[in-house]
Amino acid sequence: MSNVLKQAFDEAAEITRRNIPAFAAAYPDDCTRGERYPSRPVFEEFPVGANQGWTTSFVPGMQWLAYEQTGDEVFKTAALAHAEDFARRVHNREDLHTHDLGFLYTLASVVPWRLLGEESARAAALAAADALMERFLEPAGVIQAWGALADPSQRGRSIIDSLMNMPLLSWATEQTGNPKYAEAVRRHTAQLAKHIIRADDTTFHTFYWDAETGEPLRGGTAQGAADDSCWARGQAWGIYGFALNYDAVGDEELLVVARRCADYFLNHLPKDGVPFWDLIFTDGDDEPRDASAGAIAACGLQQLARVETDPARAARYEAAGVKMIHGLIAYTPTGKGVASDALLLHSVYSKPEGKGVDEGCLWGDYFYLEALMRHINPDWRRYW
Ligand code: GLY
């Protein structure tokens, strides 16, 4: 095991430990402002620091990773308190109009069930899987990403990030024996494999289907530079998401698409290996990086290497993942020589909306820690 990666994990786990009393009961916002996470702002009926939005589960996700590696109960106690709050959220049906229930409940609830046999967490995760299934659209065979199902501006829309929400449904079939969740995964991932990747191996961020007829309509972007550009984080979600779902579904096409996402991503990196926020940019462009896309890709490349059927490709993806993490270490507080409560700096949430530009973010922190965990502890059982 590399000492550099072990030391990077220890430093990141230490920040995770300090954040427990610092954040106390308030959830941090999605992104830092000036190297620090403010509390989540007031949103609709939710007060400051409430458990709303799609990123709150990355907090317990990091705590579970730190707990597994260190055995320190302080992480377990904090993460279990979050599991309780996530159970309350789903049973009260608070802020559930999103496909991101997979991101949320895999980390906050499936993990404590798997690691500790927490029955209340299992029940919460199954309730979240049922809420996610309410978003499955027949006859299109896709799960709607955002908003109320009746909202005409969102109806029939899916996004590439959705691939990471599928493992909650695969788990629900494994737990209940009911095939309907796995069938939704099979159909949703087949639709994305067919329509969200373009002939040149770039991906759309978002794709619309006609919810009434099931007809595929058009691709576009929300967070990329242009409808026909290649949003870096979307491509990274594609690598990881298609590789994970290939393992769950067994459809060869998902492996082929994961490879195409990975090869394009790796061929469009700047010299230091940390992607710009959109892959149309490269060395010499005055644009911010999205280190979080690199962290997701690092996890995805290792996952792809694990399921890859061609040994030469597997070795190439494994090596590229390790190189990516080494590149990311220069983008941490230690690497940049600054104090921060983020684990990874210099990401972009949404450049077109001017949101979280060149900041730390909760998902970047989580996937950076997961990427390190994957390499320092090869026996670690993945959460997705
Ligand atoms: N899943 C939302 C994002 O990547 O920004």
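Scroll up to find the structure.
None of these values were measured; they are calculated from a predicted model.

1. Some thoughts on the overall build of the protein
At step 1: Across its full length, the protein holds 13 helices and seven strands.
At step 2: On C-alpha atoms alone, the protein measures out to a radius of gyration of 19 Å, which is about the 21 Å that the 2.2 N^0.38 rule sets for 384 residues.
At step 3: For the C-alpha atoms alone, the extent of the protein along its principal axes is close to 55 × 50 × 40 Å.
At step 4: Looking at the 384 residues of the protein, the share that counts as buried comes to 59%.
At step 5: Taking all contacts inside the protein whose residues are at least 6 apart in sequence as the whole, residues at least 24 apart take part in 66%.
At step 6: Here the protein displays about 14,200 Å² of accessible surface, and carbon together with sulfur accounts for 51% of that area.
At step 7: Between the mean site of the 36 positive side-chain charges and the mean site of the 54 negative ones, the protein shows a separation of 2 Å.

2. Observations concerning the sheet that holds strand β5 (residues 216–220)
At step 1: Strand order in the open sheet made by the three strands is β3-β4-β5, with antiparallel pairing throughout. At either end of the open sheet lies a strand with only one pairing partner, and these are β3 (157–159) and β5. Here the average twist between neighbouring strands, direction ignored, is 25 degrees.
At step 2: Alignment of strand β4 (residues 206–209) against β5, held across four bridges, turns out to be antiparallel. Note that in β5 the partner of F207 across the bridge is G219.
At step 3: Against the sheet, helix α7 (residues 180–195) engages β3, β4 and β5, with an angle of about 110 degrees to β4.

3. With respect to the environment of R313
At step 1: Summarising the element assignment, R313 is placed in helix α11 (residues 311–329).
At step 2: Under the relative-accessibility criterion, R313 is labelled partly exposed at 22%.
At step 3: Contacts of R313, omitting those with residues within four sequence positions, involve R259, D263 and E308.
At step 4: Side-chain polar atoms of R313 contact the side chain of D263, separated by 3.2 Å.

4. Looking at helix α2 (residues 58–70)
At step 1: Counted at 1.5 Å a residue, the expected span for α2 with its 13 residues is 18 Å, and the 18 Å between its end C-alpha atoms agrees.
At step 2: Counting buried positions over the 13 residues of α2 gives 10, a clear majority of the element.
At step 3: For α2, the full list of buried residues reads F58, V59, P60, G61, M62, Q63, W64, L65, A66 and Y67.
At step 4: Note on α2: the residue one or two positions beyond its end, G71, has a positive phi of about 75 degrees.

5. Brief notes about the nonpolar core
At step 1: F58, F242, F367 and Y368 are the most contacted members of the largest nonpolar core, which has 99 residues in total.
At step 2: When residues of this core are assigned to their parent elements, the largest contribution, 11 residues, is made by helix α10 (residues 291–307).
At step 3: Each residue touching Y368, except ones within four places of it in the same chain, is listed here: A8, A12, A295, L328, I329, T332, L343 and L344.
At step 4: Grouped together as the second largest cluster of nonpolar side chains are 29 residues, A87, V90, M133 and M166 included.

What counts and what doesn't
Residues numbered from 1 in each chain as written. Predicted model: local features only at pLDDT ≥ 70, side-chain atom pairs only at ≥ 80, totals over all residues. Heavy atoms only, no water. Helix = DSSP H or I, 4+ residues; strand = E, 2+ residues; numbered from the N terminus. Rg over C-alpha atoms; globule rule 2.2 N^0.38 Å. Buried < 20%, exposed > 50% of the residue type's maximum accessible area, 1.4 Å probe, protein only. Contact = heavy atoms within 4.5 Å. Areas by Shrake-Rupley, 256 points an atom, 1.4 Å probe, with all protein chains shown as cover. Lys, Arg positive; Asp, Glu negative; His and termini not counted. Charge placed at Lys NZ, Arg CZ, Asp CG, Glu CD. Pairing = 2+ DSSP bridges. Axes fitted to C-alpha atoms, helices over the stretch in contact; angles between N-to-C directions. Polar contact = N/O pair within 3.5 Å; in protein donor to acceptor, adjacent residues only side chain to side chain. Expected span 1.5 Å × (residues − 1). Core = buried A, V, L, I, M, F, W, Y, C linked by side-chain atoms within 4.5 Å.

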